[in-house]
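Okay, here's what each chain looks like letter by letter:
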Amino acid sequence: MKTAFLYVAALLFIAVESKAQMIVDPSKPLTNKPEETEIFPPQAALPKVVQPGKTFDIAPSDAIILFDGKNLDEWVSTKDKTPAKWTLADGVMVVNKPAGDIETKRNFINYQLHIEFRIPANITGSGQSRGNSGIFLAATNGKAGGYEIQVLDGYNNENKTYVNGMVGSIYKENIPLANPAKKAGEWNAYDIVWTAPTFNDNGTVKTPARVTAFLNGVLVQNNFEVEGETNYIGKHEYVKHGPAPIKLQAHGDKSEPISYRNIWLREL
Ligand code: MG
């Protein structure tokens, strides 16, 4: 029930964002009637009907299903673009370190993404070596390979690491607004809105990328303006790119690897 409430909060946020786009004819003087700020078709089209999932974690009717537990058909190895070789077991995909990072076959621009991850219950290690994976919101050929929102054990702040590298952070760029991480062994859900950067012909940034993200229904990134690709070392900079895959990181710990499930996306 609590989860449902949090997802409603997320959806309300998106609704508020949409209302900001309301267009009222500026050439007409306002006469203080309520009707003059009310929009009906054909002045604007009706929003398309989307059939929501039975619960807020289930893909709505217009979503692209990237992983539903059955196969890895939507994913390839980042290294050589061959079929992804992460482990598939009990409807869950598990990071396979030797196989390396995997990414979607499809390229995306702007989207809403739902993705769930689980840090293994018997997690060991500390800092960045405790349940490290990550979601690259656009995989690129740049030094960092894109823009990472961190996946890491962060339960109750028991894992000590730099705060701009903890779970919910835009890696080494922006500290999460809160820490709603669940205990190792439990599933976490990210709901992310990604607005891709745009570039001028000469490669300079026209508009930077933006990220809004909820972790377990709690806002962790609020329309954050991305500074560039999330390099491990050095300044974060943009490298011009177009539509791009979403990439999952095989970072590799000594303990059992991270699992993912229920991954879907709505193009925006
Ligand atoms: Mg990572």
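Here the structure is shown first, and the text comes after it.
Please read all numbers here as calculations on a predicted model, not as lab measurements. (Residues numbered from 1 in each chain as written. Predicted model: local features only at pLDDT ≥ 70, side-chain atom pairs only at ≥ 80, totals over all residues. Heavy atoms only, no water.)

Q: Explain the coordination of the magnesium ion to me, using residue names and the numbers behind them.
A: Taken together, Asn-132 (OD1), Ser-133 (O), Glu-148 (OE), Gln-150 (OE1) and Gln-249 (OE1) make up the full set of protein donors to the magnesium ion, lying 2.2 to 2.3 Å away. We note that the donor set of the magnesium ion lies within a single chain, spaced as N-S-x14-E-x1-Q-x98-Q. Residue Glu-148 is located in strand β8 (residues 146–151), and its partner Gln-249 is located in the loop between β14 (247–248) and β15 (259–267); the two are separated by 101 residues in the primary sequence. Comparing Glu-148 with Gln-249 shows no difference in burial state: the two are buried. (Donors = N, O, S within 2.8 Å, 3.2 Å for Na, K, Ca; no water. Helix = DSSP H or I, 4+ residues; strand = E, 2+ residues; numbered from the N terminus. Buried < 20%, exposed > 50% of the residue type's maximum accessible area, 1.4 Å probe, protein only.)

Q: Would you mind going over unusual backbone geometry in detail, with residue names and values included?
A: For residues besides glycine, phi is generally negative; the peptide bonds are generally trans as well. The step from Pro-41 to Pro-42 runs through a cis peptide bond, and the omega angle for that step is 10°. Looking at where Pro-42 falls in the secondary structure, it is placed in the loop between α1 (2–19) and β1 (64–67). Phi at Asn-32 is positive, roughly 70°, even though this residue is not glycine. The topology assignment puts Asn-32 in the loop between α1 and β1. Of the residues examined, Asn-32 reaches a relative accessible area of 76% and is grouped as exposed. In this model, Lys-172 sits at a positive phi of 55°, which is unusual for a non-glycine residue. Along the polypeptide, Lys-172 turns up in the loop between β8 and β9 (187–195). Among the residues examined, Lys-172 registers a relative accessible area of 27% and is labelled partly exposed.

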